[in-house]
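The primary structure of each chain is shown beneath.
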Amino acid sequence: QVQLVESGGGLVQAGGSLRLSCAASGRTFSGYAMGWFRQAPGKEREFVAAINWGGGYTYYADSVKGRFTISRDNAKNTVYLQMNSLKPEDTAVYYCAALLSGVPFSEYEYDYWGQGTQVTVSS
């Protein structure tokens, strides 16, 4: 089992920045790829970013490419999502998830999920 706890969400004005953190406990964190997903009201959950177990490969949704950066610190069992130039359409609940193997873009491949943290971007 891997337990994931997100933090760092909040209310920010458009153009601002937030950094989300996801702290993992349980089984070996470094063995998992990690992803961030988000779900806006009335919409399906969508892929935001992912990072492989070693941190050498990252993947982004087109909608956040160039604005968001995913990173991880395996010594701290933590994955981060730095979000810059935020837009109102980034408003959503953000979830981190752990993936042992599979395609990082699909939520159905992930093995463990956090409870989510709310990000609200005002215009």
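In case you missed it, the structure is sitting above this.
Read on for an overview of the structure. All of these numbers come straight from a predicted model, not from anything done at the bench. (Residues numbered from 1 in each chain as written. Predicted model: local features only at pLDDT ≥ 70, side-chain atom pairs only at ≥ 80, totals over all residues. Heavy atoms only, no water.)

**Quick notes on the packing of aromatic side chains**
Ring pairs (aromatic) are described by centroid distance and by the angle formed between their planes. Threshold: Two rings from Phe, Tyr or Trp (for Trp, the six-membered ring) form a pair when their centres are within 6.5 Å of each other. A pair whose planes differ by under 30 degrees is stacked, one over 60 is edge-to-face, and the rest are tilted. A helix here means a DSSP run of H or I that spans at least four residues, while a strand means a run of E at least two residues long, and both kinds are numbered starting from the N terminus. Each residue is assigned to one of three classes by its accessible area relative to the maximum for its type, calculated with a 1.4 Å probe on protein chains only: buried under 20%, partly exposed between the two thresholds, exposed over 50%.
Following the criterion strictly, the structure yields eight aromatic pairs and no others. Arranged with centres 5.1 Å apart and planes meeting at 85 degrees, the rings of Phe37 and Tyr110 form a pair that is edge-to-face. One end of the pair, Phe37, is in strand E4 (residues 33-39); the other, Tyr110, is in the loop between strand E9 (92-99) and strand E10 (112-113), with 73 residues separating them in the sequence. On the basis of relative accessibility, which here comes to 7%, the residue Tyr110 falls in the buried class. Here the aromatic residues Phe37, Phe47, Tyr59, Tyr95, Phe105, Tyr110 and Trp113 are joined through ring pairs into a cluster of three or more.

**A closer look at the pattern of salt bridges**
As a reminder, the rule being used: We define a salt bridge as a contact between a side-chain nitrogen of Lys or Arg and a carboxyl oxygen of Asp or Glu at a distance within 4 Å.
Going through the model one piece at a time under the given rule, you end up with five salt bridges. Here Arg38 and Asp90 are joined by a salt bridge, their closest N and O atoms 2.9 Å apart. Residue Arg38 is located in strand E4, and its partner Asp90 is located in the loop between strand E8 (78-83) and E9; the two are separated by 52 residues in the primary sequence. As far as burial versus exposure is concerned, Arg38 and Asp90 are alike and both buried. Note that Glu107 is salt-bridged to Arg45, the shortest N-O span being 3.1 Å. Here the residue Glu107 occupies a position in the loop between E9 and E10, and Arg45 occupies one in the loop between E4 and strand E5 (46-51), the gap between them amounting to 62 residues. Judged by its relative accessible area of 18%, Glu107 is buried. Taken together, the shared-partner salt bridges in this structure form one network comprising Arg38, Glu46, Arg67 and Asp90.

**Structural notes on the pairing of strand E1 (residues 2-7)**
Basically, it comes down to this: At least two DSSP bridges between two strands are required for those strands to pair.
Residues Val2, Leu4 and Glu6 of E1 are buried on one face, while the alternating residues Gln3, Val5 and Ser7, pointing to the opposite face, are not. Pairing of E1 with strand E3 (residues 18-26), which is carried by six bridges, proceeds in the antiparallel orientation. Note on E3: the bridge partner recorded for Val5 is Ala23.

**Quick look at the sheet that holds strand E7 (residues 68-73)**
In sheet architecture, strand pairing relies on hydrogen bonds along the backbone and comes in two forms, parallel and antiparallel. Our working rule: Helix axes use the C-alpha atoms of the stretch in contact, all axes being lines fitted to C-alpha atoms, and the angles between their N-to-C directions lie in the range 0 to 180 degrees.
Reading across from one edge, E1-E3-E8-E7 is the order of the four strands in this open sheet, with antiparallel pairing throughout. Because the sheet does not close on itself, it has two edges, and the strands there are E1 and E7. On average, each strand axis in the sheet is tilted by 15 degrees relative to the strand beside it, whichever way the strands run.

**Overview of the side chain of Arg38**
Convention followed: Think of a polar contact as two N or O atoms within 3.5 Å of one another; within protein, one of them needs to be a possible hydrogen donor and the other a possible acceptor, and neighboring residues in sequence only count if both atoms come from side chains. Throughout, a contact is declared for two residues whenever any of their heavy atoms are within 4.5 Å.
Given a relative accessible area of 5%, Arg38 falls into the buried group. Polar contacts involving the side chain of Arg38 include one to the side chain of Glu46, which spans 2.6 Å. Reaching out from Arg38, the side chain makes a polar contact with the side chain of Tyr94 at a distance of 2.9 Å. If we ignore the near neighbours within four places in the chain, the residues touching Arg38 are Glu44, Arg45, Glu46, Val48, Ser63, Val64, Phe68, Glu89, Asp90, Ala92, Val93 and Tyr94.

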